[in-house]
Amino acid sequence: MCLAIPARIVQLDGDHAIADAMGNRWPIRTTLTPEVRLGDLVLVHAGYSISTVEEEEAKETWELLKQIQTPADKIPSGFEDLPMGGGA
Amino acid sequence: MTLDLQTAFARMNEYCGKIGRPIQVMEVCGTHTVSIFRGGIRTLLPTAFKLLSGPGCPVCVTDQSYIDVVLKLVQRPDILIATYGDMIRVPGSAGSLETLGIRSVQVVVSSDDAVQLARKNPKKIVVFLAVGFETTAPATAVAIAEAERLELDNFCILCGHKLVVPAMNALLGGMNHRIDAFLCPGHVSVIIGSDAYRPVVERFGVPCVVAGFEPLQILSGLAEICQQLADKRPRVASVYQAVVTPQGNRTAQNLLTQYFEPYDGLWRGLGRISMGSLRLRSEFREYDAMARFGIEEVPGKEMPGCRCGQVLCGLIDPPECAMFAKVCNPDTPIGPCMVSSEGACSAWYKYGHSRSNPS
């Protein structure tokens, strides 16, 4: 429930943003990280960015997420409800 | 610093040899629990090293009384429940939101969605099930702020937020604990900062090491713990410095302080934990579903035979529960640790409960 995923801010209007992780885009709020700018990489949890993150760290996590993208009947437990929308 | 696989194992073996006794390390994050099982880490650990899965899944530690309150609220035709998906399967005394087939429940992926739900349904009162640790609680604070700004009078929360450090203190303060060190949660620590664990180290003398969720980060954290135990120099350390700072996210912390106050709330299996839960400050009472609907907190009854409480405290491994994998499984869960995908029982069930490491 406390898993945050890295994503890039691809649109930003006030504290409303669109985040992109591996081509998946969804609306987030940047209220908790007022310092972020367009193009920054952030960790997103439950629809909110909670910190900025380095490129290398983000790439490592995305790589890990790709590895666990398996067919639906073999989705690894614990990640099957991985929140592309922010999750819980 | 993240180590490579060989170095991590070599160091763990070396330091475990120096320690010269079995050690037990508790991970206090459900995401760690799952990643540890998925990565097969348990099977590779030195024989003297045992991992305990602690109360790190917010769904698992949500007291049955909370679900009972939710089930009471949904009886009202004017109420719409907004919840993270994890909560709909958690059993109360009479069933779960899912098994009871309750329709006035909307799954949301963020607290902001719950506020929007209230905007779109002005004739309903939206009750947001605000559960989760410090990672999730700031988002609830933002939702309250948003509801204030929009002057929404049909939005409130049922506050079930919990704090990680008081739970760690409670576990170490217990008579029978078996914990030599903590592997601390990565993303909770993004918010609270690694310095938040200093009082735990100072009071109890146990290492507190923050790690990320990738298997190598976890192993690096475990190697750091072994080194500290071998050197008998417990301290706060982070192998997740890329995102965890000593101070944490001040904006989020300020929001938590502004909207919430800690109190001695109920945790499933652990009872009341001193300053372990959050509730809305009195000035935000209008957003508190308990106050709004005049509900008192009554401790829930434990499920007969369910040993989730002992699992959450690291006192037993899930297979030691007589119901585990027999009557209690992910399809028909009895206890909360089997309900949540990040629960210890669910992880043990899915990743081979026969692969226990020796104690």
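Model, not experiment: these values are computed from the prediction. (Residues numbered from 1 in each chain as written. Chains lettered and ligands numbered in written order. Predicted model: local features only at pLDDT ≥ 70, side-chain atom pairs only at ≥ 80, totals over all residues. Heavy atoms only, no water.)

*Asks:* Looking at this structure, I do not really get the overall build of chain B. What am I missing?
*Replies:* When its secondary structure is counted, chain B shows 15 helices and eleven strands. What you see for chain B is a C-alpha radius of gyration of 20 Å, in line with the 21 Å of a compact globule of 359 residues. Each principal axis of the C-alpha distribution contributes one length, and for chain B these read about 65 × 45 × 35 Å. A separation threshold of at least 6 residues defines the contact pool for chain B, and within that pool the share at least 24 residues apart is 76%. Carbon and sulfur atoms provide 50% of the accessible area of chain B, an area that totals close to 13900 Å². A distance of 4 Å separates the average location of the 34 positive side-chain charges in chain B from that of its 33 negative side-chain charges. (Helix = DSSP H or I, 4+ residues; strand = E, 2+ residues; numbered from the N terminus. Rg over C-alpha atoms; globule rule 2.2 N^0.38 Å. Contact = heavy atoms within 4.5 Å. Areas by Shrake-Rupley, 256 points an atom, 1.4 Å probe, with all protein chains shown as cover. Lys, Arg positive; Asp, Glu negative; His and termini not counted. Charge placed at Lys NZ, Arg CZ, Asp CG, Glu CD.)

*Asks:* Sorry if this is basic, but what is going on with the interface of chain B and chain A here?
*Replies:* Each partner contributes to the interface: chain B provides 40 residues, whereas chain A provides 33 residues. Interface area, chain B with chain A, both sides summed: about 2900 Å², of which 60% is carbon and sulfur. Considering only the side of chain B, the residues that lose the most area to chain A are Arg38, His187 and Glu214 of chain B, jointly responsible for 18% of the buried surface there. The interface formed by chain B and chain A contains two salt bridges. Here Glu146 of chain B makes a salt bridge to Arg29 of chain A, at a shortest N to O gap of 3.5 Å. For the pair chain B and chain A, the interface holds eight residue pairs in polar contact (both at pLDDT 80 or more). Sorting the residues of the side of chain B that touches chain A by element identifies α2 (30–38), α5 (111–120), β5 (125–132), α6 (137–149), α8 (186–192), α10 (215–231) and α11 (250–259) of chain B as the ones contributing at least two each. In terms of residue count, the dominant contributor to the side of chain B that touches chain A is α6 of chain B (five residues). Classifying every residue of the side of chain B that touches chain A by side-chain character gives 22 nonpolar, eleven polar and seven charged. (Buried area = accessible area lost by both parts, 1.4 Å probe. Salt bridge = Lys/Arg side-chain N within 4 Å of Asp/Glu carboxyl O. Polar contact = N/O pair within 3.5 Å; in protein donor to acceptor, adjacent residues only side chain to side chain. Nonpolar A, V, L, I, M, F, W, Y, C, P; charged D, E, K, R; others polar.)

*Asks:* Explain the side chain of His32 of chain B here, please?
*Replies:* Looking at where His32 of chain B falls in the secondary structure, it is placed in helix α2. Apart from the residues lying within four places of it in its own chain, the contact partners of His32 of chain B are Glu27, Leu183, Cys184, Pro185, Gly186, Ala211, Gly212, Phe213 and Ile218 of chain B.

*Asks:* Help me understand the packing of helix α1 (residues 5–19) of chain B against α10 of chain B in this model?
*Replies:* Helix packing for two helices is described by the angle between their axes and how far apart those axes are. Residues and elements named next belong to chain B. The interhelical angle for the contact between α1 and α10, taken along N-to-C directions, is 25 degrees, at an axis separation of 8 Å. If you check the angle between α1 and α10, you find them roughly parallel. Seen along the crossing, α1 lies across α10 with a hand that is left-handed. In this structure, α1 contributes Leu5, Ala8, Phe9, Arg11, Met12, Tyr15, Cys16, Lys18 and Ile19 to the contact, and α10 contributes Leu216, Leu219, Leu222, Ala223, Cys226, Gln227, Leu229 and Ala230. The residue makeup of the contact of α1 with α10, split by class, is 14 nonpolar, one polar and two charged. (Axes fitted to C-alpha atoms, helices over the stretch in contact; angles between N-to-C directions. Parallel < 35°, antiparallel > 145°, perpendicular 65-115°, else oblique. Left-handed = near helix turned anticlockwise from the far one by under 90°.)

*Asks:* I keep staring at the packing of aromatic side chains and nothing clicks. Help me out?
*Replies:* Residues and elements named next belong to chain B. As enumerated under the stated definition, the model contains six aromatic pairs over all chains in all. For the ring pair Phe133 and Trp267, a centre distance of 6.0 Å and an interplane angle of 35 degrees mean the geometry is tilted. One end of the pair, Phe133, is in the loop between β5 and α6; the other, Trp267, is in strand β10 (residues 260–267), and 134 residues separate them in sequence. Both residues of the pair, Phe133 and Trp267, count as buried. Taking 6.3 Å as the distance between ring centres and 75 degrees as the angle between the ring planes, the aromatic pair formed by Phe324 and Tyr349 counts as edge-to-face. (Phe/Tyr/Trp six-rings, centres within 6.5 Å; stacked < 30°, edge-to-face > 60°. Buried < 20%, exposed > 50% of the residue type's maximum accessible area, 1.4 Å probe, protein only.)

*Asks:* Hey, could you run me through the environment of Val34 of chain B in this one?
*Replies:* Residue and element names in this part refer to chain B. With respect to the helices and strands, the residue Val34 is situated in helix α2. The class for Val34 is buried, based on a relative accessible area of 2%. In sequence terms Val34 and Glu342 are 308 residues apart; their C-alpha atoms lie 6.0 Å from each other.

*Asks:* Whenever I open this one, the pattern of salt bridges confuses me. Can you help?
*Replies:* Oppositely charged side chains can form a pair if their charged atoms are brought close together. Residues and elements named next belong to chain B. The tally for this structure, following the rule as stated, stands at 16 salt bridges over all chains. The shortest N-O distance in the salt bridge between Lys18 and Glu14 comes to 3.8 Å. You can see Lys18 and its partner Glu14 sitting in helix α1, four residues apart, about one turn around the helix. The exposure class of Glu14 is partly exposed, given its relative accessible area of 43%.

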